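# Fold and contact review
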Amino acid sequence: MSFLEEIKRRRTFGIISHPDAGKTTLTEKLLLFGGAIQEAGAVKNNKIKKGATSDFMEIERQRGISVATSVLAFIYKDKKINILDTPGHKDFAEDTFRTLTAVDSVIVVIDVAKGVEVQTEKLVEVCRMRQIPMIVFINKLDREGKDAFDLLDEVEQKLGLRVTPLSFPIGMGYDFKGIYNVWGKKLNLFSGDVKQTISEGVEFEDIDNSELDKAVGETAANILREELELVREVYPKFDRTEYLEGHLQPVFFGSALNNFGVKELLDCFIDIAPSPRPKQADIRLVNPEETKMTGFVFKIHANMDPKHRDRLAFVKIVSGMFKRNTNYLHVKKNKKFKFASPNAFFAEKKEIVDISYPGDIVGLHDTGNFKIGDTLTEGENLQFKGIPSFSPEYFRYVNNADPMKSKQLAKGLDQLMDEGVAQLFTLELNGRKVIGTVGALQYEVIQYRLEHEYGAKCTYDMLNVHKACWVQPEDPKNTDFKEFKRVKQRYLAKDKKGQLVFLADSAFSVQMTLDKYPTVKLHFTSEFG
Ligand code: G4P
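What this report covers is the structure whose coordinates are included nearby. The model shown is predicted, which means the values in this text are computed figures rather than measured ones. (Residues numbered from 1 in each chain as written. Predicted model: local features only at pLDDT ≥ 70, side-chain atom pairs only at ≥ 80, totals over all residues. Heavy atoms only, no water.)

## Quick word on the pattern of salt bridges
Under the criterion given, the structure shown has 30 salt bridges. Here aspartate 78 and arginine 9 are joined by a salt bridge, their closest N and O atoms 3.7 Å apart. Note that aspartate 78 is positioned in the loop between β2 (71-76) and β3 (79-84) and arginine 9 in the loop between α1 (3-8) and β1 (10-17), a separation of 69 residues in sequence. With relative accessibility at 48%, the residue aspartate 78 sits in the partly exposed group. Glutamate 453 serves as the salt-bridge partner of arginine 449, at 2.8 Å between the closest nitrogen and oxygen. With arginine 449 and glutamate 453 both in helix α12 (residues 441-454) and 4 residues apart, the pair spans about one turn of that helix. For arginine 449, a relative accessible area of 2% puts it in the buried group. (Salt bridge = Lys/Arg side-chain N within 4 Å of Asp/Glu carboxyl O. Helix = DSSP H or I, 4+ residues; strand = E, 2+ residues; numbered from the N terminus. Buried < 20%, exposed > 50% of the residue type's maximum accessible area, 1.4 Å probe, protein only.)

Right under this line is the structure:
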């Protein structure tokens, strides 16, 4: 197969949802259809169960699982599908945001009874801003839920999407009869007794056909005809270009648990979802078809085994072919590295691979050279954009609780921050270190991992910070900026990259600062300009 054909057949995507909407179940069913696993239940996802806050062993176990399920790849109808796993737990939201920089499209799972939930809103907003093509899957149709039209309205209003149903349910919950697949013009009947069977569906070019009445009953058939009429009148016609540009989102209905509607989703997905897309770097747009290899690190995973301290850096290949034992430039470090055992990921295992193509993810063994966002090239000095740090929500001072282990603590903190577990800020005034996280759970994870992986102990002190604001002076030499630095000295810190950050204690203080120092810009993410 040629290089171009290899690119064209790749589909790299993520599934996002509010916890419990059915992301894990859907992932598993996609693997089942892809023939990558033989039975449901074989893959457990990267899911921190509710109530795991104090159960460190559970967190550790989950971390182990999450390496295996970080990337799930399989072949379906000759397409190479890479599913990038995203943790649903809100305390790991930053991890999910970073993973979204490496996907070419997403599937959004929504629970038919719960509708659009908080976490879905946040994640979809990120995808919308980046114009990532999205398909919506409304799940759990075997249960009583909201009316399909009401749900479509909710999706449009709360998520700001423009939807077009490509399948439509016949009844719901107790009365759930099946799904009409608008895309494939097929009817799939749901059988409550044999829920695990996969039916191929009956084809209906024309829904006025009386066979439809026989299949679902006259009443249900008439309701379906009316509803499909309404769908045609109210919703825009599917247009692939609009979908690819992020302006139109097709919707599917189904029940992942019952294998229902999943095949329709997958068949349509491989037809319409994009192959690897061009990616913006600081100096230019990089196209997947370019022959020179480029890629970037979007995730780093520490080894759970304390005897093997190496980490796995996950690299998304943007262009060219990534080859084993070949020298690549680590642009930030301006140093060449070659990798003897790059890993490729399959459904349940990882394997050493000789060549990877754009859209693929390779896992590189790393002894501490990689940070999230680092770019690899064949020599060109370019850096991919789009992996900013967001302002954390929680801030605490970190103290060394064992003076004999200060080196271990520094190293542990350094590496955990590289992994993107949290962000470290060093106060300008006294050099005290502050850890910022998106969820309270991370403080416990950090404490636990420092002790078990690095032999260091830490304690925390509370600190009142509302937001971390990255500072951008119009002119570092002007008096405005000098005055800002003098007055706000107590609140200034450096992030890990040495960028200046203002740790504002209230929204009011942010506003006051903006008013008082008009030439000093404040940003809530680390990437600007
Ligand atoms: P998540 O990854 O999005 O957090 O959700 P997950 O797939 O774990 O699904 C959450 C719960 O919803 C699970 O039940 C799962 O079995 C159920 N579920 C998923 N899809 C469907 C569906 O189509 N219909 C129905 N009725 N239920 C569905 P659980 O009891 O919380 O977990 P488990 O013990 O079954 O694993």
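## What about the sheet that holds strand β30 (residues 500-504)?
Across the sheet, which stays open at both edges, the 8 strands sit in the order β27-β24-β26-β25-β29-β30-β28-β31 with antiparallel pairing between neighbours. The sheet terminates laterally at β27 (458-462) and β31 (520-523), the two strands that pair on one side only. On average, adjacent strands in this sheet sit at an angle of 40° to one another, irrespective of strand direction. Bridging between strand β25 (residues 423-427) and strand β29 (residues 492-494) involves 2 bridges; their strand directions are antiparallel. Looking across to β29, one finds that leucine 427 is bridged to alanine 493. Its contacts with the sheet place helix α11 (residues 406-419) against β24 (394-400), β25, β26 (433-437) and β27, and it is angled at close to 155° to β24. (Pairing = 2+ DSSP bridges. Axes fitted to C-alpha atoms, helices over the stretch in contact; angles between N-to-C directions. Contact = heavy atoms within 4.5 Å.)

## Topic: the packing of aromatic side chains
Summed over the entire model, instances satisfying the criterion amount to 21 aromatic pairs. Here the aromatic rings of tryptophan 183 and phenylalanine 238 are separated by 5.5 Å at their centres, their planes lie at 85°, and the arrangement is edge-to-face. Here the residue tryptophan 183 occupies a position in the loop between β8 (178-181) and β9 (186-189), and phenylalanine 238 occupies one in the loop between α8 (218-234) and α9 (240-244), the gap between them amounting to 55 residues. Under the relative-accessibility criterion, tryptophan 183 is labelled partly exposed at 33%. Plain terms: the ring middles of phenylalanine 481 and phenylalanine 484 are 6.1 Å apart, the flat faces sit at 20° to each other, and that makes the pair stacked. Within this pair, phenylalanine 481 and its partner phenylalanine 484 are both found in helix α13 (residues 479-487), separated by 3 residues, close to a single helical turn. According to the relative accessible area criterion, phenylalanine 481 is buried, its value standing at 6%. Grouped by ring-pair contacts, the aromatic residues Phe322, Tyr328, Phe337, Phe339 and Phe370 constitute a single cluster. Taking NZ or CZ as reference, arginine 396 lies 4.2 Å from the ring centre of tyrosine 443, over its face. Looking at arginine 396, its charged tip hangs above the ring of tyrosine 460, at a distance of 5.9 Å from the centre. (Phe/Tyr/Trp six-rings, centres within 6.5 Å; stacked < 30°, edge-to-face > 60°. Lys NZ or Arg CZ within 6 Å of the ring centre and 35° of its normal.)

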